[in-house]
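Fold and contact review
One letter stands for each residue in the lines below.
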Amino acid sequence: HTLEYLEFFYWLKRTGYRGYLVIDQFPYREDGRDAVAESAEWLDVLQEAAARIDEEQAKKVLAARDGVEASRFMRKVLFGK
């Protein structure tokens, strides 16, 4: 759910949330510590990506209500392309 997490962090930033985050995982096949650590790394990377979102551009994309444009915007935020 990469894009959903990116959007989640965008809204946390936009609303000024400064609380804590938790990870709720049940890794049955993987090492639990490694699974949570990897998830935390992903969350950090996605939070950093959300912090780079240009607010004015995001507002334009949201106002357009165009799924293709939103996808294009998210791809550029994540990968710069």
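Residues numbered from 1 in each chain as written. Predicted model: local features only at pLDDT ≥ 70, side-chain atom pairs only at ≥ 80, totals over all residues. Heavy atoms only, no water.

Here we take up the packing of helix α1 (residues 2-15) against helix α3 (residues 55-64). Two numbers describe how α1 lies on α3: the axes approach to 13 Å, and their chain directions differ by 115 degrees. Here α1 and α3 pass one another in a crossing that is left-handed. Here α1 contributes Tyr 10, Trp 11, Lys 13 and Arg 14 to the contact with α3, which in turn contributes Glu 55, Ala 58, Lys 59 and Leu 62. Here the residues of the contact of α1 with α3 sort into four nonpolar, no polar and four charged. (Axes fitted to C-alpha atoms, helices over the stretch in contact; angles between N-to-C directions. Helix = DSSP H or I, 4+ residues; strand = E, 2+ residues; numbered from the N terminus. Left-handed = near helix turned anticlockwise from the far one by under 90°. Contact = heavy atoms within 4.5 Å. Nonpolar A, V, L, I, M, F, W, Y, C, P; charged D, E, K, R; others polar.)

This part is about the nonpolar core. Within the largest apolar cluster, 14 residues are counted, with the highest numbers of intra-cluster contacts made by Leu 6, Phe 9, Ala 50, Ile 53, Ala 58, Phe 73 and Val 77. Elements that contribute at least two residues to this core include exactly α1, α2 (32-51), α3 and α4 (67-79). Excluding anything up to four places from it in sequence, Ala 58 contacts Tyr 10, Ile 53 and Phe 73. (Core = buried A, V, L, I, M, F, W, Y, C linked by side-chain atoms within 4.5 Å. Buried < 20%, exposed > 50% of the residue type's maximum accessible area, 1.4 Å probe, protein only.)

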